[in-house]
Amino acid sequence: MTAIPLRPPRRLVDLTLDGEPVRAPEDSTLLDACRAAGKDVPTLCQGDTLTPKNACRVCVVEVEGARTLAPACSRRVEQGMEVRTDTERARHSRKVVLELLASSTDLSTTPRAADWIEEYGAEPDRFGADAARVDEEPKVDNDLYVRDYDKCILCYKCVDACGDQWQNTFAIAVAGRGFDARISTEHDAPLTDSACVYCGNCIEVCPTGALSFKTEFDMRAAGAWDESAQTETTTVCAYCGVGCNLTLHVQDNEIVKVTSPHDNPVTHGNLCIKGRFGYQHVQNHAQNRD
Amino acid sequence: MDLRFGAGKPTDEERAAVDALLGPPESAWEGADDRNDTDLRWARGGREARERRELLLPGLHALNDRVGWISEGGLDYLCRRLTVPPAEGYGVATFYAMFAVKPRPATVVHVCTDLACAARGSARVCAELERDLGPAGSAGSGAVWQPSPCLGLCERAPAALAIRAGETPQAAVVAPATAEAVADAASAPHDAPAEPPAAAAVPQTGATVPQGGATVPQTGADGPCPPPATRAGTDDAVVPAPGPDAGQRPENPAQREPRADPCAPPESSARRDTSVPPAGGNLVLLRRVGVVDPGSLDDYRTHGGYAALRRAFALGPAGVIREVTEAGLVGRGGAAFPTGRKWSATAQQPDHPHYLVCNADESEPGTFKDRVLMEGDPYALIEAMTIAGYATGAHRGYLYLRGEYPRALRRLRTAIDRARARGFLGEDVMGQGFAFDIEIRRGAGAYICGEETAIFNSIEGRRGEPRSKPPFPVEKGLFGKPTAVNNVETLVNVLPILIEGAQAYARTGTGTSTGTKLFCVSGTVARPGVYELPFGATLGELLELAGPPETLRAVLLGGAAGGFVRPDELDVPLTFEGTRAAGTTLGSGVVLVLDDSVDLPRILLRIAEFFRDESCGQCVPCRVGTVRQEEALHRIKDLTGAAAAGDIALLREVGQAMRDASICGLGQTAWNAVESAIDRLGAFK
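Residues numbered from 1 in each chain as written. Chains lettered and ligands numbered in written order. Predicted model: local features only at pLDDT ≥ 70, side-chain atom pairs only at ≥ 80, totals over all residues. Heavy atoms only, no water.

Enquirer: Got a sec to walk through the pattern of salt bridges? Specific residues and values, please.
Expert: All names here are of chain B. Tallied over the full model, the rule gives 63 salt bridges over all chains. The closest approach of N and O atoms between Asp 298 and Arg 422, which form a salt bridge, is 2.6 Å. Taken together, the residues span a long stretch of sequence, with Asp 298 in helix H11 (residues 297–302) and Arg 422 in the loop between helix H16 (406–421) and strand S7 (437–442) at a distance of 124 residues. A relative accessible area of 41% means that Arg 422 is categorised as partly exposed. Here Glu 489 makes a salt bridge to Lys 369, at a shortest N to O gap of 2.9 Å. Here Lys 369 lies in helix H14 (residues 369–376) and Glu 489 lies in helix H18 (residues 488–500), a separation of 120 residues in the sequence. (Salt bridge = Lys/Arg side-chain N within 4 Å of Asp/Glu carboxyl O. Helix = DSSP H or I, 4+ residues; strand = E, 2+ residues; numbered from the N terminus. Buried < 20%, exposed > 50% of the residue type's maximum accessible area, 1.4 Å probe, protein only.)

Enquirer: Which residues make up the side chain of Arg276(A), and what values do they have?
Expert: All names here are of chain A. Here Arg 276 lies in helix H7 (residues 273–277). A relative accessible area of 1% means that Arg 276 is categorised as buried. One polar contact links Arg 276 to Glu 204, side chain to side chain, over a distance of 2.4 Å. Side-chain polar atoms of Arg 276 contact the backbone oxygen of Val 258, separated by 3.4 Å. Those residues in contact with Arg 276 that lie beyond four places of it in its chain are Cys 199, Gly 200, Asn 201, Glu 204, Phe 213, Val 258, Thr 259, Ser 260, Gly 269, Asn 270 and Leu 271. (Polar contact = N/O pair within 3.5 Å; in protein donor to acceptor, adjacent residues only side chain to side chain. Contact = heavy atoms within 4.5 Å.)

Enquirer: Outline the packing of aromatic side chains, supporting the account with residue identities and numerical values.
Expert: One pass over the full model with this rule turns up 19 aromatic pairs over all chains. With a centroid separation of 5.3 Å and an interplanar angle of 80°, the aromatic rings of Phe95(B) and Tyr96(B) are classed as edge-to-face. Tyr96(B) matches Phe95(B) in its accessibility class, with the two residues each being buried. One aromatic cluster in this structure is built from Tyr145(A), Tyr198(A), Phe213(A) and Phe277(A). Here the basic side chain of Arg628(B) rests over the ring of Phe127(A), its NZ or CZ set 5.3 Å away from the ring centre. (Phe/Tyr/Trp six-rings, centres within 6.5 Å; stacked < 30°, edge-to-face > 60°. Lys NZ or Arg CZ within 6 Å of the ring centre and 35° of its normal.)

Enquirer: Give me the environment of Lys151(A): which residues, what numbers.
Expert: All names here are of chain A. Structurally, the position occupied by Lys 151 is in the loop between strand S6 (145–147) and helix H4 (157–162). Classification of Lys 151 as buried rests on a relative accessible area of 10%. With 17 residues separating them in the primary sequence, Lys 151 and Val 134 have C-alpha atoms 8.4 Å apart. With near-sequence residues (within four places) excluded, Lys 151 lies in contact with Asp 106, Ser 108, Thr 109, Thr 208, Gly 209 and Ala 210.

Enquirer: Just give me the short version of the nonpolar core, but keep the residues and values in it.
Expert: Ranked by internal contacts, the top residues of the largest apolar core, which has 188 residues, are Tyr96(B), Trp343(B), Leu381(B), Leu399(B), Leu401(B), Phe564(B) and Ile607(B). In terms of residue count, the dominant contributor to this core is helix H15 (residues 378–392) of chain B (10 residues). If you look at the next biggest cluster of nonpolar residues, it comprises 34 residues, including Tyr156(A), Val159(A), Ile203(A) and Val258(A). (Core = buried A, V, L, I, M, F, W, Y, C linked by side-chain atoms within 4.5 Å.)

Enquirer: Outline the sheet that holds strand S6 (residues 394–401) of chain B, supporting the account with residue identities and numerical values.
Expert: Backbone hydrogen bonds are what pair the strands of a sheet, in a parallel or an antiparallel way. Residue and element names in this part refer to chain B. Spatial strand order, S7-S6-S5-S8: four strands in an open sheet with parallel pairing. The strands lining the two open edges of the sheet, one partner per strand, are S7 and strand S8 (483–487). Ignoring which end each strand starts from, the neighbouring axes of this sheet average 20° apart. Where strand S5 (residues 354–360) meets S8, five bridges bridge the pair, whose relative direction is parallel. Across the sheet, the residue bridging to Cys 358 is Asn 486, located in S8. (Pairing = 2+ DSSP bridges. Axes fitted to C-alpha atoms, helices over the stretch in contact; angles between N-to-C directions.)

Rendered as structure tokens:
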């Protein structure tokens, strides 16, 4: 469904994108303007339901007169701005950022990462075999979801979703500093001892697969995960009367994970533990019982 | 907010430390042990409780000062008291280098291994400590030592700082450091010899200690030799907690500072001669250092103190901003932004309240000028902050002081208390109907917190990560309100501007760099210290004052984020425009002198290591880029020419992306010094 929230009318500002004059509503970001103009700017930490932290820096563009490049996901359009999205300077930064990320973390489950690495000519291997990596073992401490921080690019989206932007549970935060910074619970405790309420909204927003359903994690480990064989069905959660939308991802007639449409004006993709993880009863067929 | 606290309980000590800061808990909702009837009737919390979040950093200090580290139970109790999610409290505690979340001994010795100290033999001190106390980080004999980034004691390099936790925490500065003196300070910080007076760091006063004569008039001096008990023991307490001896404390601890202390031990090396001619009337910012008693408000007023604030009241806020603008004052923290424009932009914001933040988180390796100013003339900073608050419409000023400056903390606290008691701070400053007060916030070991927006997050009790700009601080700064952030040196410049007038002030210096500038000269010079020169003097003239080495290899200007200058470039004028034209920067005023005995690749490696350690980790170019740069410099530290060419190309590519795409100045400048060493000094050639 497409929701059209009513807003006060917004003025349009004039700017140029790669030399072409465009108009964009005030308060929109450069990324909005780029996308409206059909330009593909790569993004990792930007998410449609959260305020971007602009931490990954793959979406940088050149703004005329600025000393440094600007993150398209966060910089607001201004009247008369001259923006170039595909200059050598911007492409260089994107390339190096992709190299830095791919040389330190596992981007194998990050959608589009491989395409961008190819498009920008990034060579993550050139830092040598001894280049420091995040090197984290997957944290499997509960039956619902797995934290594989070797895939984490520290986009802060899970922290924001768990914190004041959506869930207000505040079970996780960034701990440590610099290259040693990690997403962590209090005192680095197992999830089961933390404040986590297993809403799974952090999985919903994770852009790299560092957070995943235990089902998905196990199936990937067994080589059985096959997205092309999956169907997606959006339905209404049966647990309570709120009416949250669920998208059931089904492979071989089994629900393998549950997401939620981000354009739902009530939930914006957020669910609770029941909607997200409580799907076993649906497939509790006679033939599945021992 | 849906907070869950673990089962961890604070120890009695931890509870007492937190309660000493926050007062006893009123209800079980905020950590009281017993639930009473009223607790059952309503839940406490909400906005009022959440707004106490800014007390998180002081709370973490309280725990760390008392026990030496922060336990789960202690942190959970603090978080419960402040309605802070424990995960966030843990994230903040693990951000700062001076805190530990794993058990460690009460005494921690920080041994500076940064540039100036490295050039002065810190490696030898570390090797000896390793032999005597065991490897860094291991808890031997009740103390643990660890290498540290710059402690801001470069004029007395190599330096160490021993901090002992307890009911009355103690800190002892050992500089110049020997392994023996460090071990002594670690075992008995209260018996450590007192530091030389701040004026000893200013060769131009001619007051090099201990040889120089008594330069500070003493008010109420209590005898020629302070008794041992009045030395570092009670005096250097990190937090002067009211202990049993509080009543017996002399009224003015600073007065007991041995100035030309005949009882002070002689300096360990006689490398300093005292031949800098006193600058006489030429010192402006430093003119009171070594002259005024830093503990006495009356002495400060006798030496011209509070005349500038009186003039400010006569001019009105707009008049003050006009003077500062016309004087051409630009920020001395490194960015050189016009102060008048910053103040006027803050003053004009319709949103209220406005805040003033004094950035005293001087952590750039090789920088110690702000420390000398704060230790030698603390009331000057307080007066200048009051003027800045008046001009920008702020009624509250935060003085964000780096955690490694125990003496500056002690003196500023004393000075603020006295100024408040005498009506120079508070509800009605000097009877002019202007309310202004200052709160000191101690940093806890994070270079990034000197970044103008990271400082806000740190004060607010969040991780000291920089914010994206825009919005700029003048629009949305501390607590989301319009804020003026100024460096210590910048603020102190306001006093001569108001006293002499903008025109007279602007006659010193050059057209676009007006006034005088403080330079922190360290490394292999005869007389390291803080020098004050009018803008326009050349680097060579400055080095002549400090006594350059016979075989000069290079000068690092502007610190780790600055650039190297060759011996044949000493005629570069020390102005913002002059250094820019020469392809370098004044930065925060660092002048680190290296002779030809220096191992340049190791110095570059240390710079890379510094940035890798100090990156906050928020953005990818800086978090990973600093690591990749350090790795490349490791690979080529013994290579030259073609063997190094590949990695130098790699360094350049990563450096360019860091400069272009990092969120803040740390990542944007982290590659500057190494790049200039490669391009201008021919490192690895």
